[in-house]
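# Summary of the model geometry
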Amino acid sequence: MPLPVLKDELPPAWKLEEEIERLKKERNAVILSHYYQESEIQDLADHVGDSLGLARAAQKSDAKVIAFCGVHFMAEVAKILNPESTVVLPDMKAGCSLADGCPPDQFRAFIDAHPGHFVVSYINCSAAVKAMSDVIVTSSNAVKIVQQIPKDQPIIFAPDKHLARYVQKQTGRDMVIWQGTCIVHETFSEKKIIELLLRNPGAELIAHPECEEAVLRHAKYIGSTTGLIKYAVSSPVQTLIVATEEGVLHQMRRDAPNKSFIPAPPEDESCACNQCPYMRLNTMEKLYLCLRDLKPTIEMDEELRLAAKRPIDKMLEMSTGI
Ligand code: 13P
Ligand code: SF4
């Protein structure tokens, strides 16, 4: 259960950052943050990264406490790779539509219905689904890992159907695909993106591979959040339209202040659909509370942890140089 945020339990807003820094030292903690977190959290973090970068940072951390500002499956990976650390997640309800849309019992039945397949699972899934997989991939290494699987080996790819289709196109591999989607990346409108490109001559669209094919086909660059930031900063183009959660724009604007970054428009522009509602459950207040109370923590049965670690280790082994 997430902690209730009671006003009188908290330091005044102007002191929050200082108090988080104080608790961090006191607890011998490290703060890891995904690029989709609010900008104040990203600015305070010891390491900001994509799923692969955060998994590596968690693995090599020697801090006693990892305050993981991201979603549940990411904090779970941190615990799997670093079981000695106490891993706290500011809000336990910070889930993911991809992970939630792939229940372990249904995934077991899916695997059983396709015997002899090599199971490739996107890191956006539960530890139980990871434990049934042969290798884990992220958006930054999926293509390279699938390319290393022997050509005659049939593949199951889960749970994101858009990333699967993108990997299929890049590698030419035939795959049985679990039909999951990300509620954020599905909302971008091809029509509105085309209008925006026409209104901004010379602008480029860059997109995360969780987007629909209709959006990806207009993209100049497709990649993970880290890949998108690196491309945006190094590209000679002045205006970039960014089709992913809008939290990444914070790093882009910081690293390339003279460029113009436009969040790709969702179909319904009256909503904040390009913000991940799960990621945004973590706040500075909840980060303060989880460092103060050392809860809520990620706990995992040791047998499950070891079974889920095997395909993650395989991913890390197959991702050297990425
Ligand atoms: P990245 O690994 O590219 O950061 O993606 C994580 C994610 O959840 C995308 O929606
Ligand atoms: Fe999951 Fe989508 Fe949120 Fe990423 S943006 S954590 S894939 S729901």
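Let us look at the structure shown here. Predicted, not measured: the structure shown is a model, and the values here were computed from it. (Residues numbered from 1 in each chain as written. Chains lettered and ligands numbered in written order. Predicted model: local features only at pLDDT ≥ 70, side-chain atom pairs only at ≥ 80, totals over all residues. Heavy atoms only, no water.)

## Some thoughts on the site of ligand 1
With respect to spatial proximity, the complete set of residues near ligand 1 consists of H34, Y36, D50, S51, Y122, N124, S139, H185, H208, E210, S224 and T225. A distance of 2.6 Å separates an oxygen atom of ligand 1 from a polar side-chain atom of H34. Separating an oxygen atom of ligand 1 from a side-chain N or O atom of T225 is a distance of 2.6 Å. Contact with the protein chains covers 96% of the free accessible surface of ligand 1, which is 300 Å². Of the residues assigned to the shell around ligand 1, the class counts are 2 nonpolar, 8 polar and 2 charged. (Near = heavy atom within 4 Å. Polar contact = N/O pair within 3.5 Å; in protein donor to acceptor, adjacent residues only side chain to side chain. Areas by Shrake-Rupley, 256 points an atom, 1.4 Å probe, with all protein chains shown as cover. Nonpolar A, V, L, I, M, F, W, Y, C, P; charged D, E, K, R; others polar.)

## Points about helix α15 (residues 302–318)
A rise of 1.5 Å per residue sets the reference length of α15, with its 17 residues, at 24 Å; its end C-alpha atoms lie 24 Å apart and thus fit the reference within 8%. Taking the largest bend as the criterion, α15 deviates by roughly 25°, centred on R310, and proline P311 comes between one and four positions later. Restricting attention to buried positions, one finds in α15 the residues R305, A308, P311, I312, M315, L316 and M318. Tucked inside the fold, the buried residues of α15 contact α3 (51–60), α4 (72–81), α7 (127–131), β6 (135–137) and α8 (142–147). (Helix = DSSP H or I, 4+ residues; strand = E, 2+ residues; numbered from the N terminus. Expected span 1.5 Å × (residues − 1). Bend = angle between axes of the 7 residues up to and from the residue. Buried < 20%, exposed > 50% of the residue type's maximum accessible area, 1.4 Å probe, protein only. Contact = heavy atoms within 4.5 Å.)

## Focus on the sheet that holds strand β10 (residues 221–222)
With respect to topology, 4 strands assemble into an open sheet ordered β10-β9-β11-β12, the strand pairing being parallel. Edge positions in the sheet fall to β10 and β12 (260–263), since each has one partner strand and no second. Judged from the 2 bridges that link them, strand β9 (residues 204–207) and β10 form a sheet pairing that is parallel. Along β10, the bridge assignment pairs I206 with Y221. Running over the sheet, helix α10 (residues 190–199) touches β9, β11 (239–243) and β12 and is turned about 145° from β9. Sheet contacts for helix α12 (residues 225–234): β9, β10, β11 and β12; angle to β9, the most-contacted strand, approximately 160°. (Pairing = 2+ DSSP bridges. Axes fitted to C-alpha atoms, helices over the stretch in contact; angles between N-to-C directions.)

## As for helix α6 (residues 104–112)
Within α6 the residues assigned to the buried category are F107, F110 and I111. Relative to the axis of α6, the buried residues are bounded by an arc of 95° and lie together on one face. In α6, those exposed residues whose orientation departs by more than 90 degrees from the buried face are D105 and D112. Close packing links the buried residues of α6 with β5 (118–122), α7, β7 (155–158) and β8 (175–177). (Arc of directions from axis to C-beta.)

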